[in-house]
Structure formats: C-alpha cells, structure tokens
Amino acid sequence: DRDLSGWGTANEELALELQVLTDGAINEHEIPGLQVYVRTSEGETWFGASGTTDWDRRTLVNREHLFRIASATKPFTAAVILSLVDDGSISLDDPLALWFPGFPNSSRITIEHMLRHQSGIPEVVAGNVPVLLRSTMNDELRWEPIEIIDTSASRDPLFEPGSRHEYCNTNYVFLGLIAEQVTGQSFAALLRSRVLEPLSLNDSYFVPYEPAPDRIVTGWDREWIPMTSLYPHEPEATSWSTMAHAAGAMVSTAACITCSQMRA
C-alpha cells in the first residue's frame, strides 16, 4: 500500500483516485514503474508513483527517484537560449553561420529556426541506424556534440530554412553548443546558473556532464534501438545522453519537471 500523505494538497478521495489510475497505467503500458505529478485547474497537486524500478519487482518507485527525461530537456535548453537573448548576448535572428559557417544553409538558418524546428537540419539522434548501433554496442561511449554536428553536415538539408516544420534533435545540440561558445561556459553550468538554481529545481541534473545523486532508475526502450525489443538505459550509461546532449541528457523527477514548466 502507498502512503498518500504528504504527496500534495489533493484531498484523500482525489489522491486515491489518482493512485488507482497510476497503478492501472503500469499494466496498460507494460512498464515496470512510473512517477506522476498532477496539478488541477483549482491548484490542487498530487505527486505519486507506482510500480518498481526493475522488472523483478524488487524496489518500489518513489518520488525521490530520478528518471531520464529525454526530449523534455529541450524546454530547459530553450530557456537558456532565451535568457541569452534577454541579456543581449544573442538575437533570435542571428544566423548559424556566426558559429558554424561551414554547415549547409548556415547563413539562412537562424536561432529562431532551430528553436522552432524550422531549420531543415537533418536528424541524427533519431532514426540514424549507424549512430544508434554504435551507441547500443557501447553504452559507455561518450559522444562529443561536434560528432553529431559533423554527421548531420554530411547529409542533405531537408528543406529551405523557415519553409516548414520538422522535429529534429540536432537543432538543440546546435543550440547547446552555441550557448557554450557565446558564454565560454559549459552547458551544464549554464543550465544550473540560468534555470535550475533560479527556479529552485533541485532534483534536475544534466547527466553525465555534472554529478547526480545515486537515485537514477534504469530506463527501457522499445522503439529506437535496432535489433532488440527491450533495451536498458542503465544509470551509469553515457552513450545515449552524450549523443543527445542539450536535446535530451537531463534527469529529473515528475514533480520537478512539471513545476519547471509552470514557473517558467
């Protein structure tokens, strides 16, 4: 049985209803465990968990556990970029060519295009079988972000910048590198000083670029990894997080990431 006390301001009836729904999601989605944070239109909150951190059902998931949040990293990266716009360090109209002049279409791709996924830059992280296989075969691999950029540069642009929208992780790898070049600071330091600390988001970390508590749970993939039906992302693995960099390397809790969107 779960102790529902202290998990938010929702009354006991609502808390129990949300816990039942959360428990049901474990079976519905065939997953070991999950966290859920709910905020109602009336401002009531509930932060719950269900299931376990492992398929052997040994360790219950709790609200202290950290999960890889993958592409939910992108709003944090966008917040860093917009803070640089606010202080005049960069402009939304600045072309990619200011930092990467040799990249295809760089004179016509702007910061805003990359933020909005309107750049036409080819995807590298998702759907690129050689990159995915390399990461799968060596989960201790540490990609350099420039390797992702160079791989993208070798592929044809998808469309003329600004002409349409197509989601692309590489956009946000670029944005992280641009932020580092503009400030001379690591992206981990920028995230912490410009977003995490000001918003008191004490359970969010940019891993493996900064240390995190020993509370990261193993994640499981059913879709991206070629040649396997269920692939574990162990807490100590670095290949996927370094491949994603500013597009997807963060870990957090459900409460921390939800509150970050509301506070921002």
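Scroll up to find the structure this text is about.
The notes below deal with the structure included here.

Calculation rules
- Residues numbered from 1 in each chain as written.
- Predicted model: local features only at pLDDT ≥ 70, side-chain atom pairs only at ≥ 80, totals over all residues.
- Heavy atoms only, no water.
- Helix = DSSP H or I, 4+ residues; strand = E, 2+ residues; numbered from the N terminus.
- Buried < 20%, exposed > 50% of the residue type's maximum accessible area, 1.4 Å probe, protein only.
- Polar contact = N/O pair within 3.5 Å; in protein donor to acceptor, adjacent residues only side chain to side chain.
- Contact = heavy atoms within 4.5 Å.
- 1 Å grid on protein atoms, 1.4 Å probe; cavity = no way out; pocket = protein on both sides within 12 Å on 5 of 7 lines; lining within 4 Å.
- Points joined across faces, edges and corners; volume = space filled by probe spheres on them.
- Nonpolar A, V, L, I, M, F, W, Y, C, P; charged D, E, K, R; others polar.
- Core = buried A, V, L, I, M, F, W, Y, C linked by side-chain atoms within 4.5 Å.
- Salt bridge = Lys/Arg side-chain N within 4 Å of Asp/Glu carboxyl O.

### Brief notes about the side chain of T253
By secondary structure assignment, the location of T253 is in the loop between β7 (250-252) and α9 (254-263). In this structure T253 comes out as buried when scored by relative accessible area, which is 3%. Within polar-contact distance, the side chain of T253 engages the backbone nitrogen of C256 at 3.0 Å. When residues no more than four places from it in sequence are discounted, the contact partners of T253 are Q35, F47, R63, E64, H65, L66 and D203.

### Considering the layout of surface pockets
Its boundaries defined by the atoms lining it, the largest pocket holds a volume of some 1000 Å³. Looking at the largest pocket, it is lined by 41 residues, and the ones nearest its centre are R68, A70, G219, W220 and H233. Among the elements of the structure, β1 (33-39), β3 (67-68), β5 (219-221), β6 (231-233) and α8 (239-244) are those that each provide at least two residues to the lining of the largest pocket. Tallying contributions element by element places α8 first for the lining of the largest pocket, with four residues. A per-class count over the lining of the largest pocket returns 22 nonpolar, 13 polar and six charged.

### Description of the environment of S91
In this fold, S91 is placed in the loop between α2 (74-86) and α3 (111-115). Residue class for S91 comes out partly exposed when judged on its relative accessible area of 28%. Put simply, S91 and I81 are ten residues apart on the chain and 9.3 Å apart in space, counted from C-alpha to C-alpha. For S91, the residues in contact, after removing those within four places along its chain, are V85 and I111.

### A few points about the nonpolar core
Looking at soluble globular proteins, one finds that nonpolar side chains tend to be buried together. Within the largest apolar cluster, 49 residues are counted, with the highest numbers of intra-cluster contacts made by F76, L96, F100 and M114. Looking at this core, the element that brings in the most residues is helix α6 (residues 169-183), giving seven residues.

### Brief notes about the pattern of salt bridges
Overall, the coordinates contain eight salt bridges when judged by the stated rule. The salt bridge partner of D87 is R194, with a shortest N-O separation of 3.0 Å. Here D87 is found in the loop between α2 and α3, whereas its partner R194 is found in helix α7 (residues 187-196), with 107 residues between them in sequence. For D87, a relative accessible area of 42% corresponds to the partly exposed category. Overall, the relative accessible area of 29% leaves R194 in the partly exposed class. Residue E210 is joined to R192 by a salt bridge in which the shortest nitrogen-to-oxygen separation is 2.7 Å. Of this pair, E210 sits in the loop between β4 (205-206) and β5 while R192 sits in helix α7; the two residues are 18 residues apart in sequence, bridging distant segments of the chain. Using a relative accessible area of 13% as the deciding quantity, one classes E210 as buried. Among the charged side chains, a network of salt bridges with common partners joins D54, D56 and R58.

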